[in-house]
Amino acid sequence: MAPFTIDLRELKFTLFEQIEIQRLLEHEPFRELARDDLDMILDEACKLAREVFAPAGVAGDREGCTFEGGKVRVPPSYHEPFRRYCEAQWLALNHSPEWGGQGAPRCLRTAVDDMFFGANIGLNLGMLLTPGAAHLIEAFGDEALKQIYLRRMYSGEWGGTMCLTEPHAGSDVGSVSTKAIREGDQFRLEGEKIFITYGDHDLTENIVHCVLARIEGAPKGTKGLSLFAVPKYRVEADGSLGAFNNVVCTNIEHKLGIHGSPTCTLNFGGSGPCLGALIGGEHQGMPAMFQLMNDARLAVGLQGVALANAAYQAALGYARERLQGPDVERFKDPEAPRVPIVRHPDIRLSLMRQKAYAEGCRALVLYTAYCMDVARCAPTVEEREEHAALVELLTPICKAYGSDMGFRVTEWALQTFGGYGYLRDYPAEQLLRDCKIASIYEGTNGIQAMDLVARKLPARGGANMLAVYKRVKAFIEAQREHVALGPAVAALEQATATWSEVNRALATAAMRKDWLMPLLHASPYLALCGDLLVSFMLLQQAEVAWRRLVALCAAAGVDPLDGAALRRLATSDDEVRFYDGKVKTARFFCASELPRLHARAAAITGADRSALEIVFNGE
């Protein structure tokens, strides 16, 4: 199997040249970091991901998890990477130094996770949930809870989970029936949760579950839910482990992918008292949990993006090496030499599509994480609020579009391998299997689309949508006459006008109280937004790349508008090749992929209701 490849040059370009993450270092709480620190962190993460995580990812897929005698064991290959990850303090990279974190920007953490997810998603899922659960306690727990749990969780000594889903409820969180019964200053929990990622395992000595439950007598629905910290083993006053807390794993799921990640059914209190402590106020579980869920949704979109980039790199490497058929210009010549399949037009088209979506979606996810940082550290209230509005609108798009298109890229990548892609000897089939779950968990992509249309678009009086529109429109105004990107910018302008027309159609339907029409077309609408935003991201990258390319060409005495001369230079100069690739990727996407946006728009505004009116068999 080919070694796992990370295009660190592309990742750093997105961070430092497009997004300019270094601007965050001008503000608290990031002033103590320097640009060199960010580079070092990325370099070390790349090394650990490539040399340690990736081999364990392949082995872990083969080994899988085991459930014997009521005990869950992760793949043996996971233990050494987990130990090294925790020793290097990656777990709390972006969390507070007060509790053992390093205080780095969320955007940097997202870039680091891009590499770790791409190398070994099965293991890195556990790394995602533990700091997320700890941050819930940090944000909403009382001082006693913080002292007990935070340092142990942020260090990786103890694990953490989020426990929402129940067998009868699925995504209907308001139907949660797990009970919380008062026992002094604690609560006794009784109920069952399913699909709990890393709900039990042998990597840590204790696991702290963040559990949604309903205190006896609480209102029905989501407003009656509270959040509890429920450890696998009770914790004594001195911080040592006490008795088993009767959190029992009764089953692990056998899944299509992520074989190394244990997906557990947990029974709370079925074999004896299970005690938990309230996190935050009574009946305040959902507002607290939404913090974790929104962070997790961006991370799930990142999973799709990370696996897409890993799949594209694998497909590109294979296409460069695999000899098959003559060059198309000599296809009738039996004496013509066999050439690498990267020379064949159909393969080139597929690779270009993979590159465009993988890198464009990555830029969108990293930009959203950057907006999270700005919303926290910007010097003015106005700037913080505007970036918070961007985060609200972009998060469901990142989650759904990133995971949907990430899966498409893994599919196209597998196709590049031909029959070999279907075999376990090559990485494509595992990346495809591992990627599919991202469109399902943390709220299915259909739920993300409904959230976008019903909540995020009208929120803040339309300020969320306006914040995005202003940025796209400003870019178009500045680049309309761009010498190399003019037609692509014109395509973006047409797409933006179409997006505005669709927004007006959805608003009109809402004013008529026709709620079904927007919800029926919510998923196509989210995909339309994704198309628009990825084209915007790629064009931003291309504009930056063009400026760099012009300077490089001037130094070499080459006209960057002379295609033949530029191509000759690109074959001998990696930086020219890189920047020229960015320009051509944006042109390609705007010419070949963005036109689909107008077809989606026509379907939405056509308001066909057949899917609502049909009577399916058995209804």
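Residues numbered from 1 in each chain as written. Predicted model: local features only at pLDDT ≥ 70, side-chain atom pairs only at ≥ 80, totals over all residues. Heavy atoms only, no water.

**Student:** Honestly, the overall build of the protein chain in this entry has me stumped. Any pointers?
**Tutor:** Broken down by element type, the protein chain carries 18 helices and 12 strands. Its C-alpha atoms give the protein chain a radius of gyration of 25 Å, near enough to 25 Å, the size a compact globule of 619 residues would have. Principal-axis analysis of the C-alpha atoms gives the protein chain an extent of 80 × 60 × 60 Å. In the protein chain, of all internal contacts separated by at least 6 residues, the share reaching a separation of at least 24 is 73%. For the protein chain, the accessible area works out to roughly 25700 Å², and carbon and sulfur atoms hold 53% of it. Side-chain charges of the protein chain comprise 66 positive and 77 negative groups, with the mean position of each set lying 3 Å from the other. (Helix = DSSP H or I, 4+ residues; strand = E, 2+ residues; numbered from the N terminus. Rg over C-alpha atoms; globule rule 2.2 N^0.38 Å. Contact = heavy atoms within 4.5 Å. Areas by Shrake-Rupley, 256 points an atom, 1.4 Å probe, with all protein chains shown as cover. Lys, Arg positive; Asp, Glu negative; His and termini not counted. Charge placed at Lys NZ, Arg CZ, Asp CG, Glu CD.)

**Student:** Help me out: how do you make sense of helix 10 (residues 445-456) in this one?
**Tutor:** Helical periodicity: at 3.6 residues per turn, an α-helix aligns residues three or four positions apart in one direction. Within the sequence span of helix 10, burial applies to Asn 445, Gln 448, Ala 449, Asp 451, Leu 452, Val 453 and Lys 456. For helix 10, the elements touching its buried residues are helix 6 (285-321), helix 8 (381-416), helix 11 (463-479), helix 13 (516-520) and helix 14 (522-556). (Buried < 20%, exposed > 50% of the residue type's maximum accessible area, 1.4 Å probe, protein only.)

**Student:** Any chance you could explain the pairing of strand 3 (residues 158-163) here in plain terms?
**Tutor:** Across a regular strand the side chains alternate sides, sitting on one face of the sheet and then on the other. Of all six residues making up strand 3, six are buried, and the element is well covered by its neighbours. The two faces of strand 3 match: Trp 158, Gly 160 and Met 162 on one face and Gly 159, Thr 161 and Cys 163 on the other face are all buried. Pairing of strand 3 with strand 6 (residues 206-215), which is carried by six bridges, proceeds in the parallel orientation. Paired with Gly 160 across the two strands is Val 208, which belongs to strand 6. (Pairing = 2+ DSSP bridges.)

**Student:** Before we go on, may I ask you to explain the side chain of Asn 94 in this structure?
**Tutor:** Within the element layout of this structure, Asn 94 appears in the loop between helix 3 (79-87) and helix 4 (106-140). Only 3.4 Å separates the side chain of Asn 94 from the side chain of Arg 109, close enough to count as a polar contact. Dropping the residues within four chain positions of it, Asn 94 is found in contact with Gly 103, Ala 104, Pro 105, Arg 106 and Arg 109. (Polar contact = N/O pair within 3.5 Å; in protein donor to acceptor, adjacent residues only side chain to side chain.)

**Student:** Would you mind showing me how to read helix 8 here?
**Tutor:** Taking 1.5 Å per residue, 36 residues should reach 52 Å; helix 8 reaches 49 Å between its end C-alpha atoms and fits that length. Taking the largest bend as the criterion, helix 8 deviates by roughly 35°, centred on Leu 394, and proline Pro 396 comes between one and four positions later. (Expected span 1.5 Å × (residues − 1). Bend = angle between axes of the 7 residues up to and from the residue.)

**Student:** What should I look at first to understand the pattern of salt bridges in this one?
**Tutor:** As a working rule, side chains carrying opposite charge can pair if their charged atoms are close by. All chains considered together, the criterion is met by 46 salt bridges. Its salt-bridge partner being Glu 17, residue Arg 9 comes within 3.2 Å of it at the nearest N-O pair. Taking relative accessible area as the criterion, Glu 17 reaches 15% and is therefore assigned buried. In this structure, the salt-bridge partner of Glu 166 is Lys 193, at a minimum N-O distance of 3.0 Å. (Salt bridge = Lys/Arg side-chain N within 4 Å of Asp/Glu carboxyl O.)

**Student:** I would appreciate a short explanation of the layout of surface pockets in the present structure.
**Tutor:** Space left empty within the atom packing is revealed by a probe, the size of a water molecule, rolled over the atoms. In this structure, the second largest pocket spans a volume of roughly 1100 Å³. Forming the walls of the second largest pocket are 29 residues, and the residues nearest its centre are Leu 316, Arg 348, Arg 567, Arg 577 and Gly 581. At the level of secondary structure, the elements contributing two or more residues to the lining of the second largest pocket comprise helix 6, helix 7 (345-377), helix 15 (563-570) and helix 16 (574-593). No other element matches helix 16, which puts seven residues into the lining of the second largest pocket. The class makeup of the residues in the lining of the second largest pocket is nine nonpolar, seven polar and 13 charged. (1 Å grid on protein atoms, 1.4 Å probe; cavity = no way out; pocket = protein on both sides within 12 Å on 5 of 7 lines; lining within 4 Å. Points joined across faces, edges and corners; volume = space filled by probe spheres on them. Nonpolar A, V, L, I, M, F, W, Y, C, P; charged D, E, K, R; others polar.)

**Student:** Explain the nonpolar core to me, please; I cannot follow it from the model alone.
**Tutor:** Taken as a class, soluble globular proteins show a tendency for nonpolar side chains to be buried jointly. Grouped together as the largest cluster of nonpolar side chains are 161 residues, with contacts concentrated most on Leu 42, Trp 90, Met 115, Phe 116, Tyr 401 and Tyr 525. Element by element, the count of residues in this core is highest for helix 14, at 18 residues. Apart from residues no more than four positions distant in its own chain, Tyr 401 is found in contact with Tyr 357, Cys 361, Gly 406, Leu 526, Ala 527, Gly 530, Asp 531, Val 534 and Phe 589. The next biggest cluster of nonpolar side chains, apart from the first, holds 30 residues, and it includes Met 162, Val 173, Val 176 and Ala 288. (Core = buried A, V, L, I, M, F, W, Y, C linked by side-chain atoms within 4.5 Å.)

**Student:** How should the pairing of strand 12 (residues 275-278) be read in this particular structure?
**Tutor:** With two bridges joining them, strand 5 (residues 186-197) and strand 12 adopt antiparallel strand pairing. Directly across from Phe 187, in strand 12, lies its bridge partner Gly 276. The sheet contact formed by strand 7 (residues 225-231) and strand 12 spans two bridges and is antiparallel. Bridge pairing in strand 12 links Phe 228 to Leu 278.

**Student:** Explain the domain arrangement of the protein chain to me, please; I cannot follow it from the model alone.
**Tutor:** It is common to give the size of an interface as the accessible area lost on bringing the parts into contact. Taken domain by domain, the protein chain holds domain 1 (8-139), domain 2 (143-149 + 156-283) and domain 3 (462-611). With centres defined by C-alpha atoms, the gap from domain 1 to domain 2 works out at 24 Å. Contacts between the two partners involve 28 residues from domain 1, matched on the other side by 32 residues from domain 2. Here domain 1 meets domain 2 over a buried area of about 2400 Å², counting both sides, of which 73% is carbon and sulfur. When the buried surface of domain 1 facing domain 2 is broken down by residue, Val 72, Leu 129 and Ile 137 rank first, second and third, together holding 26% of it. Linking domain 1 with domain 2 are zero salt bridges, by the criterion used here. (Domains from an automatic or database assignment. Buried area = accessible area lost by both parts, 1.4 Å probe.)

**Student:** What is the right way to read the packing of helix 8 against helix 14 from this model?
**Tutor:** Angle between the axes and distance between the axes are the two parameters that describe a pair of packed helices. Close contact between helix 8 and helix 14 brings their axes to 10 Å; oriented N to C, the two are set at 95°. Relative to helix 14, the element helix 8 lies roughly perpendicular. Here helix 8 contributes Leu 394, Pro 396, Ile 397, Ala 400 and Tyr 401 to the contact with helix 14, which in turn contributes Leu 526, Ala 527, Cys 529, Gly 530, Asp 531, Leu 533 and Val 534. (Axes fitted to C-alpha atoms, helices over the stretch in contact; angles between N-to-C directions. Parallel < 35°, antiparallel > 145°, perpendicular 65-115°, else oblique.)

**Student:** What's the story with the environment of Asn 120 in this structure? I'm lost.
**Tutor:** Positionally, Asn 120 belongs in helix 4. Through-space distance from the C-alpha of Asn 120 to that of Lys 582 is 27 Å; in sequence the pair is 462 residues apart. Apart from residues no more than four positions distant in its own chain, Asn 120 is found in contact with Phe 53, Ala 56, Gly 57 and Tyr 78. At 3.0 Å, the side chain of Asn 120 forms a polar contact with the backbone nitrogen of Leu 123.

**Student:** I keep staring at the packing of aromatic side chains and nothing clicks. Help me out?
**Tutor:** The geometry of two aromatic rings is summed up by the distance between their centres and the angle between their planes. Evaluation of the coordinates by the stated rule reveals 19 aromatic pairs. Pairing Phe 53 with Tyr 85 gives two aromatic rings, centres 5.7 Å apart and planes at 40°, and the pair type is tilted. In this pair, Phe 53 is assigned in helix 2 (residues 35-63) and Tyr 85 in helix 3, connecting sequence segments 32 residues apart. No difference in accessibility class separates Phe 53 from Tyr 85, as the two residues are buried. Ring centres 5.1 Å apart and planes at 75° place the aromatic pair Tyr 357 and Phe 589 in the edge-to-face group. Of the two residues, Tyr 357 is situated in helix 7 and Phe 589 in helix 16; the sequence distance between them amounts to 232 residues. Taken as a pair, Tyr 357 and Phe 589 share a single burial class, namely buried. Among the aromatic residues, those joined into a ring-pair cluster are Phe 53, Tyr 85, Trp 90 and Phe 116. Of note, Arg 353 hangs over the ring of Trp 412, and the distance from its end group to the ring centre comes to 5.5 Å. Across the ring face of Phe 407, the terminal group of Lys 436 is positioned such that the distance to the ring centre comes to 4.9 Å. (Phe/Tyr/Trp six-rings, centres within 6.5 Å; stacked < 30°, edge-to-face > 60°. Lys NZ or Arg CZ within 6 Å of the ring centre and 35° of its normal.)

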